[in-house]
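Observations on chain architecture
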Amino acid sequence: WRLMLGIGAGGVYPLMAVIARESVQRDSNEMSSTIAVTTVFSMQGWGYFLSPLVMLFLLQFPSLYTSNDRPSDSLWRVHLGVGAIPLAIV
């Protein structure tokens, strides 16, 4: 399962640059498309910043733990699902 997730995430990385570049109107200048691609890649920093914060928040709910206080698979699934919310909004 994680292999498929990694392949999918790795495929989205270059795809987003192409989509950002092509979504800019063709009659606009080169700077607009550069800004669009730069914005797409700069949002990764926010993801790297917010992901641990979301996990720290989720760790506050003991119902996501197993009996021996180790995070269960459901904790990771919820974390991944929270990360998919912005994608669903767009």
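Let me sum up the structure you'll find in this document. No experiment lies behind these values; they were computed from the predicted model shown.

1. Points about the side chain of His-79
Within the secondary structure, His-79 is located in helix α3 (residues 73-89). Apart from residues no more than four positions distant in its own chain, His-79 is found in contact with Ser-51, Val-54, Met-55 and Leu-58.

2. So, the nonpolar core
Counting five residues, the largest nonpolar core consists of Ala-17, Ala-20, Val-24, Ala-36 and Val-37. Taken together, the elements giving at least two residues each to this core come down to α1 (2-23) and α2 (30-58). Residues contacting Val-37, with those up to four places away along its chain left out, are Ala-17, Ala-20 and Arg-21.

3. Quick word on the packing of α2 against α3
The geometry of α2 relative to α3 is characterised by a closest axis approach of 10 Å and an angle of 135° between their N-to-C directions. By the criterion of interaxial angle, the relationship of α2 to α3 is oblique. Our pair here, α2 against α3, has a crossing hand that is right-handed. Touching Ser-51, Val-54, Met-55 and Leu-58 of α2 are Leu-75, Trp-76, Val-78, His-79 and Val-82, all from α3.

4. Comments concerning the packing of aromatic side chains
On inspection of all chains with the given rule, the structure shows two aromatic pairs. Note on Trp-46 and Phe-49: the rings are 6.2 Å apart at their centroids and 80° apart in plane angle, and the pair reads as edge-to-face. Here Trp-46 pairs with Phe-49, and both are found in helix α2, just three residues apart, close to one helical turn. Phe-49 sits in the partly exposed class, given a relative accessible area of 49%. When the centroid spacing of 5.2 Å and the interplanar angle of 80° are considered together, the rings of Phe-57 and Phe-61 count as edge-to-face. In this structure Phe-57 comes out as exposed when scored by relative accessible area, which is 51%.

5. Quick look at the packing of α1 against α2
Contact pair α1 / α2: the axes reach a minimum separation of 8 Å and the direction vectors enclose 150°. Judged by the inter-axis angle, α1 sits roughly antiparallel to α2. Handedness of the α1/α2 crossing: right-handed. Where α1 abuts α2, its residues Tyr-13, Met-16, Ala-17, Ala-20 and Arg-21 lie against Glu-30, Ser-33, Ala-36, Val-37, Val-40, Phe-41 and Gln-44.

Quick notes on the rules
- Residues numbered from 1 in each chain as written.
- Predicted model: local features only at pLDDT ≥ 70, side-chain atom pairs only at ≥ 80, totals over all residues.
- Heavy atoms only, no water.
- Helix = DSSP H or I, 4+ residues; strand = E, 2+ residues; numbered from the N terminus.
- Contact = heavy atoms within 4.5 Å.
- Core = buried A, V, L, I, M, F, W, Y, C linked by side-chain atoms within 4.5 Å.
- Buried < 20%, exposed > 50% of the residue type's maximum accessible area, 1.4 Å probe, protein only.
- Axes fitted to C-alpha atoms, helices over the stretch in contact; angles between N-to-C directions.
- Parallel < 35°, antiparallel > 145°, perpendicular 65-115°, else oblique.
- Left-handed = near helix turned anticlockwise from the far one by under 90°.
- Phe/Tyr/Trp six-rings, centres within 6.5 Å; stacked < 30°, edge-to-face > 60°.

Treat this as a map of the structure, not an account of what it does.
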